[in-house]
Amino acid sequence: MTRDLGVGLISVGWMGKLHSRAYQALPSVYPELGLRPRLVHAADTAADRVDYATGALGYARGSSDYRAVLADPEVEVVSICAPNVLHREIGVAAAEAGRHFWIEKPVGRDARETGEVAAAARAAGVVTSIGFNYRHAPAVEHVRELVAEGALGRITNVRAVFFSGYAAEPKGALSWRFKRELAGSGALGDLLSHVVDLVSYLVAPIVEVSALTSTVYAERPILPMGSATHFAVIEDGELGPVENDDYAATLVRFAPTAAGPGAVGTLEASRTIVGPQCGLGFELYGTDGSAAWNFEQLNELRLCLGRGGPHQGYTTVLANPHLGDYARFQPGPGIAMGYDDLKVIEAKKFLLAVAGAERGQATIDDAHAVAQVIAAAEASAAGGTWQAVPAVPGASFGREPAGHG
Ligand SMILES: NC(=O)c1ccc[n+]([C@@H]2O[C@H](COP(=O)([O-])OP(=O)(O)OC[C@H]3O[C@@H](n4cnc5c(N)ncnc54)[C@H](O)[C@@H]3O)[C@@H](O)[C@H]2O)c1
């Protein structure tokens, strides 16, 4: 049996393209699911991006106003890939229009906005999915299984970072990401949100945070919305102020688990670092083993299982058909999967949930729980004190049945 799903897209930037390619790939990567996304209606305020959506991506219709997408009777699911400032407005509008939605992280500029989107989704009973794509890497899914089955013992401490170089260049463009009104926080919401989701998915929710932040470059050349990308470098542009953090460091405590007392750890994020480029990595240390992974080596997992024996120290495992959804993409070990593939897996989890089959995706409640950690980190950085993280009912990070979508 096949299930036709009319897709709407709001914002045709980097993520908008990627969501579209994921929908297009899904029927061939997971043919037995019978899910048939149909690209119906895309909106962007930049006319050339609407043209790209209808011309190159294959959407049947295009608009400059996102409300036309939500009002389109053929649209059943919506990808919301707009800048953070619009997440709350569009997320709430999508829920009120009864559309299931896949929204990009961090879902709003702060935890209040994420909570409002969550409340609207709950009230409308729509399925939600969040762009926490790093969860789906086969090596990450394997580590999650190892942790759950106790192969690493009790996780005692965690180091995780997202060291990105997208703003390492001092003349790197002042995109919406650097403006508080448009983005909220800087590296915290943009990058540390991924780290918080990943370690919460692997280990346990975070319950307490202490943080500091810093801004490395106070000014950057202005970039108009909807032009170029946040990787752009502008040589002689007019300068504007950077209004949020370039770097954030946190000490965290995790909730206790069935294995015993909660782990502790350090999480860091930088968007101005020189060296790492998309260095989202973690090291988990347990009483019986350790695991280390970095997105820049997506297809490599370093494992140490057991404290003794002849194989002490890390062993490198190459991605292979035993790990996660790897076999859907490549037939044998060591053939590299890529970033786009993670979005195909994310699309599958979303549309399976829409079809009522299972709920393996990151939900809006997970995003709200992540936003609460980011908010606590901001409060700690401002006040210099440890902050308790309020629990979010329904946030499960995929461990038990979610309360809703
Ligand atoms: N999951 C990930 O790994 C990941 C990676 C990058 C970005 N993101 C998130 O995705 C979102 C978008 O980021 P991006 O890098 O694709 O941004 P981008 O700057 O490439 O694209 C944003 C698009 O939004 C459009 N836009 C602006 N105002 C609009 C409006 N009122 N209605 C419709 N469209 C409008 C712009 O014209 C532009 O085309 C952000 O929330 C970001 O945090 C997630």
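Residues numbered from 1 in each chain as written. Predicted model: local features only at pLDDT ≥ 70, side-chain atom pairs only at ≥ 80, totals over all residues. Heavy atoms only, no water.

Trainee: I'm lost on the environment of Glu104 in this one. Help?
Mentor: Along the chain, Glu104 falls in the loop between strand E5 (100-103) and helix H5 (111-124). C-alpha of Glu104 to C-alpha of Met15: the two residues are 89 residues apart in sequence and 7.8 Å apart in space. (Helix = DSSP H or I, 4+ residues; strand = E, 2+ residues; numbered from the N terminus.)

Trainee: Help me out: how do you make sense of the pattern of salt bridges in this one?
Mentor: Close approach of charged atoms lets side chains of opposite charge pair. Here the structure, examined in full by the defined rule, presents 28 salt bridges. Across the pair Arg3 and Glu76 runs a salt bridge whose closest N-O atoms are separated by 3.0 Å. Highlighted residues: Arg3 in strand E1 (residues 3-10) and Glu76 in the loop between helix H3 (66-71) and strand E4 (77-80), separated in sequence by 73 residues. Glu76 gets classed as partly exposed once you look at its relative accessible area, which sits at 26%. Bridged by salt links that share partners, the residues Asp4, Arg38, Arg61, Asp72 and Glu74 form one connected network. (Salt bridge = Lys/Arg side-chain N within 4 Å of Asp/Glu carboxyl O. Buried < 20%, exposed > 50% of the residue type's maximum accessible area, 1.4 Å probe, protein only.)

Trainee: I'm lost on the packing of aromatic side chains in this one. Help?
Mentor: In this description, an aromatic ring pair is defined by two values, namely the gap between the centres and the angle between the planes. Tallying each qualifying case throughout the model produces ten aromatic pairs. Here Tyr134 and Phe162 contribute two aromatic rings whose centre-to-centre distance is 5.8 Å and whose plane-to-plane angle is 85°, an arrangement assigned as edge-to-face. Linking Tyr134 in the loop between strand E6 (128-130) and helix H6 (138-148) with Phe162 in strand E7 (residues 155-164), this pair joins segments that are 28 residues apart in sequence. According to the relative accessible area criterion, Tyr134 is buried, its value standing at 4%. For the pair Phe295 and Tyr339, a centre-to-centre distance of 5.7 Å together with 80° between the ring planes defines the contact as edge-to-face. On the criterion of sequence distance, the pair formed by Phe295 in the loop between strand E14 (289-294) and strand E15 (300-305) and Tyr339 in helix H9 (residues 339-354) is long-range, its members being 44 residues apart. For the residue pair Phe295 and Tyr339, the accessibility class agrees, reading buried in each case. Taken together, Trp14, Tyr134, Phe162, Tyr166, Phe231, Phe295 and Tyr339 form an aromatic cluster joined through their ring pairs. (Phe/Tyr/Trp six-rings, centres within 6.5 Å; stacked < 30°, edge-to-face > 60°.)

Trainee: Explanation requested: the pairing of E7 in the structure shown.
Mentor: On any regular strand, side chains alternate: one points to one face of the sheet, the next to the other face. Counting buried positions over the ten residues of E7 gives seven, a clear majority of the element. Across seven bridges, E7 lies against strand E12 (residues 264-270) in parallel orientation. Across the sheet, residue Val161 finds its bridge partner in E12, namely Glu268. (Pairing = 2+ DSSP bridges.)

Trainee: Where do I start with the side chain of His87 in this structure?
Mentor: With respect to the secondary-structure elements, His87 resides in helix H4 (residues 87-96). A residue is classified by how much of its surface remains accessible, and His87, at 0% relative accessible area, is buried. Engagement of the side chain of His87 in a polar contact is seen with the backbone nitrogen of Gly108, the distance being 2.9 Å. Residues within four places of His87 in sequence aside, it is in contact with Ala82, Val92, Ile103, Glu104, Lys105, Pro106, Val107, Gly108 and Val117. (Polar contact = N/O pair within 3.5 Å; in protein donor to acceptor, adjacent residues only side chain to side chain. Contact = heavy atoms within 4.5 Å.)

Trainee: Just checking my understanding: could you explain the site of the ligand for this structure?
Mentor: Taken together, 29 residues lie near the ligand, and Ser11, Asp44, Asn84, Asn133 and Tyr339 sit nearest. Backbone polar atom of Lys105 to an oxygen atom of the ligand: 3.0 Å apart, as the coordinates give it. One nitrogen or oxygen atom from the side chain of Trp176 is found 3.2 Å from an oxygen atom belonging to the ligand. Bound to the protein, the ligand loses 93% of the 860 Å² it would expose on its own. Residue assignment for the shell around the ligand shows that the elements contributing at least two residues are helix H1 (14-29), helix H8 (187-202) and H9. Its residues assigned to classes, the shell around the ligand comprises 13 nonpolar, nine polar and seven charged. (Near = heavy atom within 4 Å. Areas by Shrake-Rupley, 256 points an atom, 1.4 Å probe, with all protein chains shown as cover. Nonpolar A, V, L, I, M, F, W, Y, C, P; charged D, E, K, R; others polar.)

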